[in-house]
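Spelled out, the chains give:
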Amino acid sequence: NNCYTYCFFLKNILRREFHRVTKLSLTQHRTTDTKKMRFSLVALAFIASVANAEVFFKEQFNDEGWKDRWTVPSSWKSKSDMGEWVQTAGKWHGDDANDMGVQTSEDAKFYGMSAALTSTIDNTGKDLVIQYSVKHEQSIDCGGAYIKLLPGGDKFDAAKFGGDTEYSIMFGPDICGQTKRTHVILNYEPKGDNTLITKDIPCEKDQVSHLYTLVLKSDNTFDVLVDNKSVRSGTLEDAFDLLPPKKIKDPEQSKPKDWVDESEIEDPESVKPDGYDDIPPEIPDPDAVKPEDWDDEEDGEWEGNMIDNPDYDGPWEPKMIPNPDYKGPWVHPEIDNPDYAPDDKLHAVCGKGCTHVGFELWQVKAGTIFDDIIVTDSLEEVRI
């Protein structure tokens, strides 16, 4: 991906910009030239960051060779349960009919395919960026559209790739009924489990293309972007239950037996009135009239309708007053959790190597188009 021609081109740009910035810094003092120099420095920084970026995977599905790069699992589900991927520009594709993607084509089917990365990812101490586009042309009602980053190396079994295959990251939209979320699930090896972000991230539901981006940063923060706009960001420790809590309830402490946490008590001077229990909840309707054609012998004894008794106030309850001994709710004291330890490698979900990327989906209504997949270590790289 960082081919010789590309690097040679950037090298020449860097050389020219370096000489121009140096000349400006030595000979120019006017405000306008200073602004030019600052702009050039920013440009240099951007170009350098892109030049140093590593692209682990890139797929645009524009050629027939995509079928050779991707493997559809043959041992995951029965052939009759598997839907077919088709290459298409979609119903609405703007001016470029050659800008292809791959689309799910059959309703109520499973879809799976995986591809090897161009190089193994170890993101320890490095940023990791996953980006791809999703278009639900079918106005999806139930189905996944997420992507997975997978370990396995030479032992990865593409023929058996499916829902039970181990993964390092699962990211992207998932819609079914009232559930409409963008998944971010990380496999944290010390915990030995896949951990979902604690607060749901909404996803797009319309029929146009949307760009989904996940950035895991080396400083243990993250950012989820949709169409290049951040929709959720923060620290991995706060947003995922990856580590034990910093504080736990003190096992040596318990609520005192004489603790009073009832805010109100019965008024000792409140007394039930005499005859209160004799008041019926319903009484005969005084306006009810026996029908003229009613025959007691044939129809039985006539009984008028019953109505709510306006004098009935429900079961008697004593009046409540503030409890003079109330101490408030008891709060269990906390202590530092001896099992808690910070981890500066929370971001390193590919610390032991990610080697493949894949989709394993179920869709009730097919028609989703996937395109423009890129896995890299630079956010600037995906924004070119």
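Along each chain, residue indices are assigned from 1 in the same order as the chain's sequence is written. Where local features are concerned, this predicted model is filtered to residues with pLDDT of at least 70; where side-chain atom pairs are given and counted, the filter is 80 or more; whole-chain, interface and lining totals use all residues. Each side-chain value is worked out from all heavy atoms of the structure, with water and hydrogens disregarded.

1. Details of the overall build of the protein
Heads up, the rule is: Each helix is a run of DSSP H or I of at least 4 residues and each strand a run of E of at least 2, with the numbering of both proceeding from the N terminus. Think of it in three bands: residues with accessible area under 20% of the maximum for their type are buried, residues over 50% are exposed, and the middle band is partly exposed, with areas taken using a 1.4 Å probe on protein chains only. Contacts are assigned to residue pairs that have any heavy atoms within 4.5 Å of one another. Areas reported as accessible are Shrake-Rupley estimates using a 1.4 Å probe. Residue values count occlusion only from the protein chains shown.
On a plain count of helices and strands, the protein comes out with six helices and 22 strands. Relative to its 384 residues, the protein shows a buried fraction of 38%. For the protein, long-range pairs separated by at least 24 residues make up 74% of all intrachain contacts whose partners lie at least 6 apart in sequence. Working note: accessible area of the protein is about 23100 Å², and carbon and sulfur atoms make up 49% of it.

2. Thoughts on the state of the cysteines
So the rule is basically this: Disulfides are defined as cysteine sulfur pairs within 2.5 Å.
Throughout the structure, instances matching the rule amount to two disulfides. One disulfide bridge connects Cys142 with Cys176, the sulfur atoms lying 2.0 Å from each other. Because the torsion about its S-S bond is -85°, the bridge between Cys142 and Cys176 counts as left-handed. With Cys142 in strand 7 (residues 142-144) and Cys176 in strand 9 (residues 169-176), the pair connects residues that are 34 residues apart, well separated along the chain.

3. Points about the confidence of the model for the protein
If pLDDT is low for a region, its predicted coordinates should not be looked at in detail. Going by this rule: Per residue, pLDDT measures the predictor's confidence, with a range of 0 to 100.
The pLDDT averaged across the protein works out to 88; a share of 86% of its residues lies at or above 70. Contacts for the low-pLDDT stretch residues 1-19, under 50 throughout, to residues beyond four places or in other chains number 17 contacts. The model gives residues 21-46 a pLDDT under 50, and that stretch makes 17 contacts with residues more than four places away or in other chains.

4. Remarks on the layout of surface pockets
Convention followed: Using a 1 Å grid laid over the protein atoms alone, points where a 1.4 Å probe fits but cannot get out form a cavity; open sets with protein on both sides within 12 Å along at least 5 of 7 lines form a pocket; any residue with an atom within 4 Å of a point counts as lining. Grid points are joined across faces, edges and corners, and a volume is the space filled by probe spheres set on the points. Three residue categories are used. Nonpolar comprises Ala, Val, Leu, Ile, Met, Phe, Trp, Tyr, Cys and Pro, charged comprises Asp, Glu, Lys and Arg, and polar comprises the others, including Gly.
Estimated volume of the largest pocket: approximately 290 Å³. Every residue lining the largest pocket is counted, 18 residues in all, and those nearest its centre are Glu189, Ala348, Val349, Gly351 and Lys352. Tallied by class, the residues present in the lining of the largest pocket amount to eight nonpolar, five polar and five charged.

5. A closer look at the pattern of salt bridges
How we decide: Any Lys or Arg side-chain nitrogen located within 4 Å of an Asp or Glu carboxyl oxygen qualifies as a salt bridge.
A full pass over the atoms with the stated rule returns 11 salt bridges. Arg69 is paired through a salt bridge with Asp63; the nearest N and O atoms lie 2.8 Å apart. Residue Arg69 is classed as partly exposed on the basis of its relative accessible area, which comes to 36%. A salt bridge links Lys135 to Glu137, with the nearest nitrogen and oxygen atoms 3.4 Å apart. There is no split in this pair, since Lys135 and Glu137 are both buried. A single network of salt bridges, built from pairs that share partners, joins Glu59, Asp63 and Arg69.

6. Brief notes about the environment of Cys350
Considering the arrangement of structural elements, one finds Cys350 in the loop between strand 20 (334-336) and strand 21 (354-363). Considered as a pair, Cys350 and Leu128 are 222 residues apart in the sequence and their alpha carbons are 9.2 Å apart.

7. Brief notes about the nonpolar core
Which entries qualify depends on this criterion: Throughout this description, the term nonpolar core refers to a set of buried Ala, Val, Leu, Ile, Met, Phe, Trp, Tyr and Cys residues connected via side-chain atoms within 4.5 Å.
Of all hydrophobic cores here, the largest spans 60 residues; its most connected members are Trp70, Tyr132, Leu149, Ile169 and Phe359. Of the residues forming this core, the biggest block, five residues, is contributed by strand 5 (residues 109-121). Those residues within four positions of Trp70 in sequence are excluded, and the remaining contacts are Phe57, Glu59, Phe61, Met113, Ser114, Ala115, Val357, Gly358, Phe359 and Ile373. Counting residues in hydrophobic clusters, the runner-up holds six residues, among them Val55, Val129, Val215 and Leu225.

8. Regarding the environment of Pro73
Its location among the elements puts Pro73 in the loop between strand 2 (70-71) and strand 3 (85-88). Contact partners of Pro73, with chain neighbours within four places excluded, come to Met82, Gly112, Met113, Ala158, Ala159 and Phe161.

9. Thoughts on the packing of aromatic side chains
Stated formally: A pair of aromatic rings is counted whenever rings of Phe, Tyr or Trp (Trp by its six-membered ring) have centres within 6.5 Å, and the orientation is called stacked for planes under 30 degrees apart, edge-to-face for over 60 and tilted otherwise. We call a charge positioned above a ring when the Lys NZ or Arg CZ atom is no farther than 6 Å from the ring centre and deviates by at most 35 degrees from the ring normal.
Tallying each qualifying case throughout the model produces 16 aromatic pairs. Relative to Phe370, the ring of Phe359 lies with its centre 4.6 Å away and its plane at 45°, an arrangement referred to as tilted. Of this pair, Phe359 sits in strand 21 while Phe370 is found in strand 22 (residues 368-376), placing the two residues 11 residues apart along the sequence. The same class applies to Phe359 and to Phe370, which are both buried. A connected cluster of aromatic rings, assembled from ring pairs, spans Phe57, Phe61, Trp66, Trp70, Trp85, Tyr111, Tyr132, Phe171, Tyr212, Phe359 and Phe370. Seen from the ring of Phe110, Lys77 lies directly overhead, with NZ or CZ sitting 4.4 Å from the centre.

10. A word on the side chain of Lys109
The criterion, for reference: We call two N or O atoms a polar contact when they sit within 3.5 Å, provided that within protein one can donate a hydrogen and the other can accept it, with sequence-adjacent residues counted only if both atoms are side-chain atoms.
The residue Lys109 is located in strand 5 in this model. At 2.4 Å, the side chain of Lys109 and the backbone oxygen of Ser80 are in polar contact. Once you skip the residues sitting within four places of it in the chain, Lys109 turns out to touch Ser80, Asp81, Met82, Gly83, Leu361, Trp362 and Gln363.

11. Considerations on a negative patch on the surface
The test is simple: Each patch is assembled from residues with relative accessible area greater than 30% and no salt bridge, linking like charges that lie within 9 Å and nonpolar side chains (Val, Leu, Ile, Met, Phe, Trp, Tyr) that lie within 5 Å. Asp and Glu are treated as the negative residues and Lys and Arg as the positive ones, with His and the ends of the chain left uncounted. By convention, the charge on Lys lies at NZ, on Arg at CZ, on Asp at CG and on Glu at CD.
Residues Glu292, Asp293, Glu297, Glu298 and Asp299 make up a contiguous surface patch of negative charge. By the element assignment, Glu297 lies in helix 5 (residues 296-299).

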